[in-house]
Amino acid sequence: MLEGKNVNLRVCEKEDLPLVAEWLNDLEFLGVFNPLIQQSKMKLEKRYDKLTPEERWFIIEKKDGSKIGEIGHFPEGKLLAIAYSLIPSERGKGYCTEAVKIMVDYLFLSRDIVRIQAHTDVRNVASQKVLEKTGFKKEGTMRKYIFTRGEWRDEFLYSILREEWKEPKILTKTTS
Ligand SMILES: CC(C)(COP(=O)(O)OP(=O)(O)OC[C@H]1O[C@@H](n2cnc3c(N)ncnc32)[C@H](O)[C@@H]1OP(=O)(O)O)[C@@H](O)C(=O)NCCC(=O)NCCS
């Protein structure tokens, strides 16, 4: 368990997959910028069984144990990237920013990596704010990077380097 002030990140267990499948098939949960995934529980279970150390999914939980979203890291080429989403009723309360800060602390404390990246639709201001509040820098625009909902979409590429992170913001060296 990765513990923050208002939220914890708990590694996703098989028992969580029905809820995650429900989320990933819910248009409200995906929002208007995430690609449409439409993934069955069985397909999700197959993906889960094949997860490598580079790819891990976490459930974002409030302190009362309620599950409010998901965050994960995954390989992009030789680099590590993160992605996240929250249930609509819990957005705008700072929970995702805290979850991303915890994930960044966790990855830099547990792995010998120099960089973490993320990308987001150029119109997804909420996601960009989350990244900027965590110390990510915008590197540029990846033009026509994702095809979804009938169109090619531009995405901003963001990254944070180990020397910009400097030290844990939420986790301590002993908790990760
Ligand atoms: C993007 C998302 C994860 C952000 O989570 P969150 O918990 O609401 O984020 P936070 O509350 O930590 O911060 C959001 C910031 O964006 C702002 N914001 C929210 N919606 C906004 C909008 N439509 N336009 C401008 N700013 C917006 C908030 O005011 C807040 O900024 P502030 O701290 O300066 O007030 C959430 O909106 C979500 O799940 N969206 C749908 C899925 C998605 O787009 N995932 C990311 C894919 S890259």
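Residues numbered from 1 in each chain as written. Predicted model: local features only at pLDDT ≥ 70, side-chain atom pairs only at ≥ 80, totals over all residues. Heavy atoms only, no water.

## Observations regarding the site of the ligand
Then comes step 1: Around the ligand lies a shell of 22 residues, among which Leu 86, Gly 92, Gly 94, Thr 97 and Lys 133 are the nearest.
Then comes step 2: Residue Arg 91 places a side-chain N or O atom 3.2 Å away from an oxygen atom belonging to the ligand.
Then comes step 3: Contacts to the ligand include Lys 93, whose backbone N or O atom sits 3.3 Å from an oxygen atom.
Then comes step 4: Protein chains shield 70% of the accessible area of the ligand, which is 930 Å² for the free molecule.
Then comes step 5: Elements with a contribution of two residues or more to the shell around the ligand: helix 2 (27–30), strand 5 (79–86), helix 4 (95–110), strand 6 (115–121) and helix 5 (125–134).
Then comes step 6: With six residues, helix 5 is the largest single contributor of residues to the shell around the ligand.
Then comes step 7: Split by residue class, the shell around the ligand holds nine nonpolar, nine polar and four charged. (Near = heavy atom within 4 Å. Polar contact = N/O pair within 3.5 Å; in protein donor to acceptor, adjacent residues only side chain to side chain. Areas by Shrake-Rupley, 256 points an atom, 1.4 Å probe, with all protein chains shown as cover. Helix = DSSP H or I, 4+ residues; strand = E, 2+ residues; numbered from the N terminus. Nonpolar A, V, L, I, M, F, W, Y, C, P; charged D, E, K, R; others polar.)

## Some thoughts on the packing of aromatic side chains
In this description, a pair of aromatic rings is defined by centroid distance and the angle of the planes.
Then comes step 1: In the structure shown here, the tally under the stated rule is five aromatic pairs.
Then comes step 2: When the ring centre of Phe 156 is taken as origin, the NZ or CZ atom of Lys 138, which lies over that ring, is 4.0 Å away. (Phe/Tyr/Trp six-rings, centres within 6.5 Å; stacked < 30°, edge-to-face > 60°. Lys NZ or Arg CZ within 6 Å of the ring centre and 35° of its normal.)

## Considering the pairing of strand 4 (residues 67–76)
Then comes step 1: With seven of 10 residues buried, strand 4 lies mostly within the body of the structure.
Then comes step 2: Here strand 3 (residues 56–62) runs beside strand 4; their pairing, made up of six bridges, is antiparallel. By the bridge assignment, Trp 57 is partnered in strand 4 with Gly 72.
Then comes step 3: In the sheet, strand 4 pairs with strand 5 via eight bridges, with the strands oriented antiparallel. Note that in strand 5 the partner of Glu 76 across the bridge is Leu 79. (Buried < 20%, exposed > 50% of the residue type's maximum accessible area, 1.4 Å probe, protein only. Pairing = 2+ DSSP bridges.)

## A look at the packing of helix 4 against helix 5
Then comes step 1: Relative orientation of the contacting elements helix 4 and helix 5 amounts to 45 degrees, with a least axis distance of 9 Å. Taken as axis vectors, helix 4 and helix 5 run oblique relative to one another. Both helix 4 and helix 5 take part in a crossing whose hand is right-handed. The residues of helix 5 that touch helix 4, namely those facing Cys 96, Thr 97, Val 100, Lys 101 and Val 104, are Val 130, Lys 133 and Thr 134. (Axes fitted to C-alpha atoms, helices over the stretch in contact; angles between N-to-C directions. Parallel < 35°, antiparallel > 145°, perpendicular 65-115°, else oblique. Left-handed = near helix turned anticlockwise from the far one by under 90°. Contact = heavy atoms within 4.5 Å.)

## Comments concerning the nonpolar core
Then comes step 1: One finds Leu 9, Ile 71, Ile 82, Val 100, Ile 116 and Phe 136 to be the most contacted residues of the largest nonpolar core, which totals 45 residues.
Then comes step 2: The element contributing the most residues to this core is helix 4, with 10 residues.
Then comes step 3: Look past the residues within four positions of Ile 82 in its chain and what remains in contact with it is Gly 72, His 73, Phe 74, Val 100, Met 103, Leu 107, Ile 116, Gln 117, Ala 118 and Phe 136. (Core = buried A, V, L, I, M, F, W, Y, C linked by side-chain atoms within 4.5 Å.)

## Quick notes on helix 1 (residues 17–24)
Then comes step 1: Within the span of helix 1, buried status applies to Leu 17, Val 20, Ala 21, Trp 23 and Leu 24. All buried residues of helix 1 lie within an arc of 160 degrees about the axis, which places them on one face of the element. (Arc of directions from axis to C-beta.)

## Concerning helix 4
Then comes step 1: Under the 1.5 Å per step criterion, the end-to-end length of helix 4 is 22 Å for 16 residues, consistent within 8% with the ideal 22 Å.
Then comes step 2: Most of helix 4 sits inside the fold, with 13 of its 16 residues counted as buried. (Expected span 1.5 Å × (residues − 1).)

## Observations concerning the sheet that holds strand 5
Then comes step 1: Pairing is mixed across the open sheet formed by eight strands, whose spatial order is 1-2-3-4-5-6-8-7. Of all the strands in the sheet, the pair left with one neighbour each is strand 1 (2–3) and strand 7 (137–148).
Then comes step 2: Direction of pairing for strand 1 relative to strand 2 (residues 7–11): antiparallel, over a ladder of two bridges. Bridge pairing in strand 2 places Leu 2 opposite Leu 9.
Then comes step 3: On the sheet, helix 1 packs against strand 3 and strand 4 and is oriented at approximately 85 degrees with respect to strand 4.

## A few points about the environment of Gln 128
Then comes step 1: In this fold, Gln 128 is placed in helix 5.
Then comes step 2: C-alpha separation for the pair Gln 128 and Lys 169, spaced 41 residues apart in sequence, amounts to 19 Å.
Then comes step 3: Beyond its immediate chain neighbours, meaning those up to four positions away, Gln 128 contacts Thr 120, Asp 121, Val 122, Arg 123, Phe 156 and Tyr 158.

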